[in-house]
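What follows is the residue order along each chain.
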Amino acid sequence: MNPSDSDASRFRSAPTDRRGERDLDDLLVHVARGDQEAFEAVYDRLVGPVYGVIRRVLRDPSQSEEVAQEVLLEVWRTAARFDPAMGGAATWVMTIAHRRAIDRIRSTTAATGREHKIAEVETPHDEVAEAVEASLDRERVRRCLAGLTDIQRESITLAYYGGHSYRQVAGLLNVTLGAIKTRIRDGLIRMRDCLGVS
Amino acid sequence: MRLLRHDLHSLTGAYALDALEGGAEFERFTRHLSRCPSCASEVRGFREVATSLAFATATDPPPELRAQVLTAATGVRQLPPEVKTHAQPRRARVWVPWVPWLSGAIATAGIAVAVVFGLAQAHTQQELNQARAQNQAIALVLSAPQVKLLTHTTTAGGVATVVLAADLHKLVVTTSGLPALPAGKVYQLWFIGPKNIVSAGLLPSATSGQTAPVLASGLVHGDKLGLTVEPAPGSTQPTTTPILDLALPA
């Protein structure tokens, strides 16, 4: 065994593609075996988008921190169930993160009857957006979102960032359910092509 | 009916964004998804779009989160990999010996077809679904762009044939001519790494001296493939000397 194998730096030199997906896939396989160094590397790589998307959906910083912790522990716990054949590691983790944030909204709304919109007024998302460092991803996403029709863009952002169900989005935009389903799907197809997702 | 299906299909976008509320519609859609490969592939692509949307919001968390998460993880037990088992055949059947198919050049499409097994023997819907899922998973390995074929004799006799898809962290194993085991013993596969050894699953019982292909996931670079005889239903660590200790090329 190579002595440098036990050094955390072994996870930082591997070649990476966009977002280091392949590399992340390998890291997760190591995480599945209880490798703490690999988990630290996964944390460092993904905590920004995990926390960012949860914060964007939930707005409340302390709740967001709580949910981010749950998500990362879920990644640790279930790493063995990650299947690279079904999509990349970043996508697997972001899917968990977004779903947990949504679960939090839906359970909070159900428990208190409070509308998610209230939080929107308390912390306008621009504040978050401004705090974020400019990144390539942000630029590409903004450019691609700009290429959508207004209703496609609004329905995608209200659903994904706003955490609204498509029924709620239909209500907010005053469009039929059938139309919203189609707009979201058409918008995502355009985004997929624009972002160059295979 | 056609309208209904089209209707369901148009939910791929809402589903990928977690914008489908739980309930009957969600159930119907996820059922549909498990039977509609083109929907599943569309959802995969949309989830990648969603991943880009998430990356676009990347924000530094409070710095104390790192220590909290890393410390908490040490107290969280990890789930083991899912061990996929074959649908158990219930009646005698003639095995098509498929190992010889592999011994020449790898015609992956041909192999994928040859792998279809267990379907005709499944008696319940659940068995059928299991066998199908298993076949699909194996076919995926066999049709991976970079597979390597390895064969090796074991020290107990017989031959193990391995189709290795290192990129997918998976391999498929089949054996021929291993000694029959007494009741209460099983053949168990292992990934033997420099740091640790993990179970890679059990070999199914042999029919006419051959074991049906078994899929093992969770392979990492540097692992060797081991095979031991263990007391049923398998061990957490090997308890006997491996009869196969096969280096796996990267």
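All figures in this text were calculated on a predicted structure; none of them were measured in a lab.

A. Inspection of the overall build of chain A at higher detail. Within chain A, the secondary structure is distributed over 10 helices and zero strands. Listed by position from the N terminus, the elements making up chain A come as α-α-α-α-α-α-α-α-α-α. When burial is assessed residue by residue, chain A has 40% of its 198 residues classed as buried. Partitioning the intrachain contacts of chain A with sequence separation of at least 6 by distance along the chain shows that 63% fall at a separation of at least 24.

B. Geometry of the interface of chain B and chain A. Contacts between the two partners involve 51 residues from chain B, matched on the other side by 65 residues from chain A. Breaking the side of chain B that touches chain A down by element, the ones donating at least two residues are α2 (12–16), α4 (37–55) and α5 (64–74) of chain B. With 12 residues, the top contributor of residues to the side of chain B that touches chain A is α4 of chain B. Residue composition of the side of chain B that touches chain A, grouped by class: 30 nonpolar, 13 polar and eight charged.

C. The packing of helix α2 (residues 36–58) of chain A against helix α3 (residues 61–78) of chain A, seen in detail. Residues and elements named next belong to chain A. Put simply, α2 and α3 touch, their axes get as near as 9 Å, and they point 140° apart. Relative to α3, the element α2 lies oblique. For the pair α2 and α3, the sense of crossing is right-handed. Residues F39, V42, Y43, V47, V50, Y51, I54, R55 and L58 of α2 pack against P61, Q63, S64, V67, A68, V71, L72, V75 and W76 of α3. In terms of residue class, the contact of α2 with α3 is built from 15 nonpolar, two polar and one charged.

D. Summary view of the sheet that holds strand β2 (residues 159–165) of chain B. Residue and element names in this part refer to chain B. Spatially, β1-β2-β3-β6 is the arrangement adopted by the four strands of the open sheet, whose pairing is antiparallel. Looking at which strands have only one partner, the edges of the open sheet turn out to be β1 (148–153) and β6 (210–217). For this sheet, the mean inter-axis angle between neighbouring strands, taken without regard to orientation, is 20°.

E. Helix α10 (residues 177–195) of chain A, seen in detail. For α10 of chain A, with 19 residues, the first-to-last C-alpha span of 27 Å sits near the 27 Å given by 1.5 Å per residue. Contact partners of the buried residues in α10 of chain A: α7 (136–146), α8 (150–160) and α9 (166–173) of chain A together with α2 and α4 of chain B. In the segment just after α10 of chain A, G196 of chain A is the residue with positive phi, at about 70°.

What counts and how
Residues numbered from 1 in each chain as written. Chains lettered and ligands numbered in written order. Predicted model: local features only at pLDDT ≥ 70, side-chain atom pairs only at ≥ 80, totals over all residues. Helix = DSSP H or I, 4+ residues; strand = E, 2+ residues; numbered from the N terminus. Buried ≥ 20, exposed ≤ 12 C-beta atoms within 10 Å, placed from the backbone. Contact = placed C-beta atoms within 7 Å. Nonpolar A, V, L, I, M, F, W, Y, C, P; charged D, E, K, R; others polar. Axes fitted to C-alpha atoms, helices over the stretch in contact; angles between N-to-C directions. Parallel < 35°, antiparallel > 145°, perpendicular 65-115°, else oblique. Left-handed = near helix turned anticlockwise from the far one by under 90°. Pairing = 2+ DSSP bridges. Expected span 1.5 Å × (residues − 1).

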